[in-house]
Amino acid sequence: MSLTWTKSLKVFLGAVLSFGFSSSTWADYTLNMTQGVSSVSARIYDLHMIIFWICTIIAILVYSVMIYSIIRHRKSRGYKAAEFHESTTVEIIWTIIPFFILIAMAIPATSTLFDMEDVSDSDLTIKVTGYRWYWHYDYLDEDISFFSRLTTPDDQVYNLVPKGEHYLLEVDNHLVVPVGKKIRFLIGSKDVIHSWWVPAFGVKKDAIPGFIRQIWTQIDVDKPGIYRGQCAELCGAKHGYMPIVVEAKPYDEYVKWLEEQKQKQAAASADEDKEWSYDELMVKGEKEYNMVCAMCHQASGKGLPPTFPSLVDSPIVRTKDQRIHHIRNVLYGKNAMPAFGEQLSDVQIAAIITYERNAWGHETKEMVQPQEVKEQRQKG
Amino acid sequence: MSASTASHLHTKDDHDHHHGPRKGLMRWVLTTNHKDIGTLYLWLSFASFLIGGVLALLIRMELFKPGMQLVNPEFFNQLTTLHGLIMVFGAIMPAFVGLANWLLPIMLGAPDMALPRLNNWSFWILPFAFSMLLSTLFMEGSAPNFGWTFYAPLSTEYGPPSTDFFIFAIHMMGISSIMGAINVIATILNMRAPGMTLMKMPIFCWTWLITAFLLIAVMPVLAGAVTMMLTDRHFGTSFFSAGGGGDPIMFQHIFWFFGHPEVYIMILPAFGIISQILPTFSRKPLFGYASMVYATCAIALLSFTVWAHHMFTVGMPLAGELFFMYATMLIAVPTGVKVFNWAATMYRGSLSFETPMLFALAFIFLFTLGGFSGMMLSITPADFQYHDTYFVVAHFHYVLVPGALFSIFAAVYYWLPKWTGHYYSEILGKTHFWLSVISMNVTFFPMHFLGLAGMPRRIPDYALQFANFNQIASIGAFVFGASQVFFLYIVIKTIRNGKKATDQVWENAHGLEWTLPSPAPYHTFTTPPVVK
Ligand code: HEM
Ligand SMILES: [Cu+2]
């Protein structure tokens, strides 16, 4: 990772030289925009290249006049200055010609824009909701929904272990979609403005609290694969840690995946009623805690005071008479802490609370069962 | 008419000050002299530039390689926010106001600015506003951490307590800018030397006149935006919260209705400076003076119609997106006229390459490059891919650093002999130039690639494929930063000593300021010169 000075310089020079000359090296350093895997992203790429070349040609013309003057019309070579300082004709010409160039650019841009905004006749609809700091996906026609969170461990972020291949671009639950179908996305947010961006689809739309926006994509039939993106609107401390991972599958595999998800969700609801063992709760609790709570309170439980208080030795977390308080805190939130009732199941909350009450040397040996969380939920 | 105003003011002024500046510190605190105030503005601006630069270097240090090493993500956001705010409001704007103070009266043949007492106020508000802004770094909670664009609801519902100080600081800067703008307009319209019609006025005065109108038009809009924020935060309104019937996107419309003209406020005076310097070192009059003036007006007017191109991704109606795309593309026409005029000014001139000229040339080449990426950004569908990535960071640094900043360097080198009576060292100046130009490109050029490859802006940490270019950018940034400390050395050295400057200073310099002795005396044009 840590390059040396000279290697950096080589990469830089190589990049500058190859820009515009050979297209094969472009891929190595990703110097250019992706062509993507949808018709829209391809059209955007074409527009981008058209403007790029128009700008390049104008640049060459203007720069050559100036460079020519710099070389030929210099005082040190004894060149005597001319006296002219206006010419209505040329001034009119160079006002008019750019107009025509602009019109030439505006035409394909306009038609692409019409295409991008046309969300009609979609085959399926997925609602995307931004949270600080992860995404929630809801398959509106299928009754499936889940959260999608960064899985890169803190140890990689803080340089304690080597970084994985998809550092910062990996999540627990991929958004799975079929190729070849027109997918409509409804974009919203629960807190601040986020922006859902997958470059390969040519799709970027802000997620605005209180409002719903629409966009669509249709992935080329022959391009199944995994596509990655990130939140593109500053949304607070973990804005850089809000990746998007989309897995595009052929339609039949997508249908199979839907079935599996439905079975899983059924199994999960059965879990709500069962009596869990201490070990089961602790294992699950640790996993969920690190995924959800550690974002603010840290894996060590020490938090980031004063905004995110430490849980270690906190009375709410370790004394028996505060147990209900503890559950309700997680369900309904408090001050800067969001309410997790909607996001987490009774099992998850029970496991997390059990874990918190026994981790970091607390050892209360107390267990919280999903049933108990459910009671608090019903009380409201 | 202007003659009588001028001499009247002169007698009053003379009465206050006798013949020279006051002694000691109070000279600077109480001064109403345009040259003193210009100097104060320039030093304040340079101090802010160094502070903003240190913040930028902290950002670049953190981004030197993937992973978090130096700061935490929370502090990173404070760094980008304060860097942006300080560079815009603390470095670039006050530098231009400083140049206006120094130069407008002596270019117009006036004894001072029209409203000297107001001028003193406009300046002295600023150090307090900036101290307050910087003090948020030491406040409990955190400093502002929502970007210099402070979008709601991140800034309203989630902003730290120090946000209130930020709002107050913005109000103070706004008041200062408006007072400064009123002063500029009053000076230009009332205090020109007899015979100097508007169309004979130096082009720098023209660009500042237009800038001053922009300031008066948009600073109240910004003030409105932060006031609404304040009432949303504390007085139960919900302008920007959907929960109470408001709309966070309205914030963005209001912000950018201020913000887009604001970016022209940071570039129009630069156009003026370059149009003064280029003819001098080309030994040939500016090509198309009149069309330069019209183009500047056109840019200023158009700047009020394009604000929403900063927010294509919020999901406007199609008609809105088309309108803002076309309007934005149109700005390329008057901007093109300016660039062509500059090229034509150089063409068949007799060019020499002193430091101000070098900076002016770098301005034209690199600002044009920033203009091209601006063209690309104006194409709405493509903007969906560029928006909020490093491509945008590259774009605006290409217009702000070689644009605004280099024009200021060019101006300082160009007029420094007039201000101090000494020539700077040409070798040192050129060294500063080459270091700055090369390192600036090494810093910002790779950011285009980063953006196209998909790196979002305002992130403290990034995926592995972005590592190489970030490392290069960071190295460039450090060289750039060091070069600016070198610039400080050059300026101080010139103030202390250096070759004695002639009155004319530059072989082909035209304009009233060159008829004054170097250094320019404390009071000038006590009897107005007559312009043919
Ligand atoms: C030493 C030279 C400079 C360096 C290395 C530098 C670097 C940076 C970096 C790394 C960012 C953060 C980009 C992001 O994550 O979004 C940034 C943002 C910014 N810079 Fe600079 N910068 C420099 C000079 C300037 C100057 C002279 C200006 C003049 C106005 C300026 C204005 C801004 C603005 C407005 C932002 C946006 C802040 C925000 O996102 O809220 N910078 N700069
Ligand atoms: Cu986000």
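Structure: above.
Counting of residues starts from 1 at the beginning of each chain's written sequence and follows it residue by residue. Here the convention is simple: chains get letters from A, ligands get numbers from 1, in the order in which they are written. Under the rules for a predicted model, residues below a pLDDT of 70 receive no local features and side-chain atom pairs below 80 are neither given nor counted, while totals for whole chains, interfaces and linings still include all residues. Hydrogens and water molecules were not included; the side-chain quantities draw on all heavy atoms of the structure.

(A) Highlighting the nonpolar core. Core analysis: the biggest nonpolar cluster contains 292 residues, and Ile126, Tyr139 and Trp196 of chain A together with Phe89, Trp208 and Trp342 of chain B have the highest contact counts within it. Ranked by the residues each element gives to this core, the list is headed by helix α4 (residues 73-108) of chain B, at 22 residues. When near neighbours in sequence (up to four residues on either side) are disregarded, Trp208 of chain B contacts Phe96, Val97, Ala100, Leu104, Val184, Leu215 and Pro269 of chain B. Buried Ala, Val, Leu, Ile, Met, Phe, Trp, Tyr and Cys residues form a nonpolar core when they are joined through side-chain atoms within 4.5 Å. Relative accessible area decides the class of each residue, using a 1.4 Å probe on protein chains only: under 20% of the type maximum gives buried, over 50% gives exposed, and in between gives partly exposed. Among the nonpolar cores identified, the runner-up in size contains 6 residues, and Val157, Tyr167, Leu168 and Tyr241 of chain A belong to it. Numbering goes from the N terminus for both helices and strands, where a helix is a DSSP run of H or I of at least four residues and a strand is a run of E of at least two. By definition in these notes, contact holds between two residues if any of their heavy atoms fall within 4.5 Å.

(B) Fine view of the pattern of salt bridges. Any Lys or Arg side-chain nitrogen located within 4 Å of an Asp or Glu carboxyl oxygen qualifies as a salt bridge. Tallied over the full model, the rule gives 17 salt bridges over all chains. Lys75 of chain A is the partner of Glu507 of chain B in a salt bridge, and the nearest nitrogen-oxygen pair spans 2.9 Å. With Glu507 of chain B in the segment after α17 (467-496) and Lys75 of chain A in the loop between α3 (39-72) and α4 (88-117), this pair bridges two chains. A relative accessible area of 51% places Glu507 of chain B in the exposed class. Residues joined by salt bridges that share partners form a network here, namely Arg323, Arg357, Glu366 and Glu372 of chain A.

(C) Expanded view of the site of ligand 1. All names here are of chain B. For ligand 1, the set of nearby residues contains 22 residues, the closest of which are His83, Trp148, Tyr390, His397 and Arg458. With respect to ligand 1, the side chain of His397 contributes an N or O atom lying 2.8 Å from a nitrogen atom. Within the residue set of the shell around ligand 1, elements represented by two or more residues are α3 (34-62), α4, α15 (390-420) and α17. Here a residue is near a molecule or strand as soon as one of its heavy atoms is found within 4 Å of it. Pairs of N or O atoms within 3.5 Å make up the polar contacts considered here, provided that, within protein, one atom can donate a hydrogen while the other can accept it, and that residues adjacent in sequence are counted only when both atoms are side-chain atoms.

(D) Focus on the packing of aromatic side chains. Two aromatic rings, drawn from Phe, Tyr or Trp (for Trp, its six-membered ring), form a pair once their centres lie within 6.5 Å of each other, and the interplanar angle then sorts them: stacked below 30 degrees, edge-to-face above 60, tilted otherwise. Taken as a whole and judged by the stated rule, the model has 70 aromatic pairs over all chains. Between Trp94 of chain A and Phe287 of chain B, the aromatic rings sit 5.8 Å apart at their centres with planes inclined by 55°, giving tilted as the arrangement. Linking Trp94 of chain A in helix α4 with Phe287 of chain B in the loop between α9 (268-282) and α10 (289-302), this pair reaches from one chain into another. By relative accessible area, which is 17% here, Trp94 of chain A ends up buried. Aromatic pair Tyr424 of chain B and Trp506 of chain B: ring centres 6.5 Å apart, planes at 45°, arrangement tilted. Taken together, the residues Tyr424 of chain B in the loop between α15 and α16 (426-453) and Trp506 of chain B in the segment after α17 connect sequence positions 82 residues apart. Of the two residues, Tyr424 of chain B and Trp506 of chain B, both sit in the buried class. For Lys204 of chain A, the ring lying beneath its charged end belongs to Trp197 of chain A, and the centroid distance is 4.0 Å. In this structure, Lys274 of chain A packs its charged tip against the face of Trp276 of chain A, placed 4.3 Å from the ring centre. Geometrically, a charge over a ring is one whose NZ (Lys) or CZ (Arg) sits within 6 Å of the ring centre while staying within 35 degrees of the ring normal.

(E) Structural context of the coordination of the copper ion (ligand 2). Residues and elements named next belong to chain A. Coordinating N, O and S atoms are those within 2.8 Å of the metal (3.2 Å for Na, K and Ca), and as water is not part of the atoms, a site may appear to have fewer donors than expected. Listed as protein donors to the copper ion (ligand 2) are His194 (ND1), Cys231 (SG), Cys235 (SG) and Met242 (SD); their distances from the metal cover 2.1 to 2.5 Å. One way to put it: the 4 donor atoms around the copper ion (ligand 2) meet at angles of 91 to 130°, and that makes the site tetrahedral. In primary-sequence terms, the residues that donate to the copper ion (ligand 2) follow H-x36-C-x3-C-x6-M. Of the two residues, His194 is situated in strand β6 (residues 194-198) and Met242 in the loop between β9 (225-231) and β10 (243-249); the sequence distance between them amounts to 48 residues. Angular criteria define each label, namely tetrahedral for four donors with all angles between 85 and 135 degrees, square planar for four and octahedral for six donors with opposite donors over 155 degrees apart and remaining angles between 65 and 115, and irregular for whatever fails these tests.

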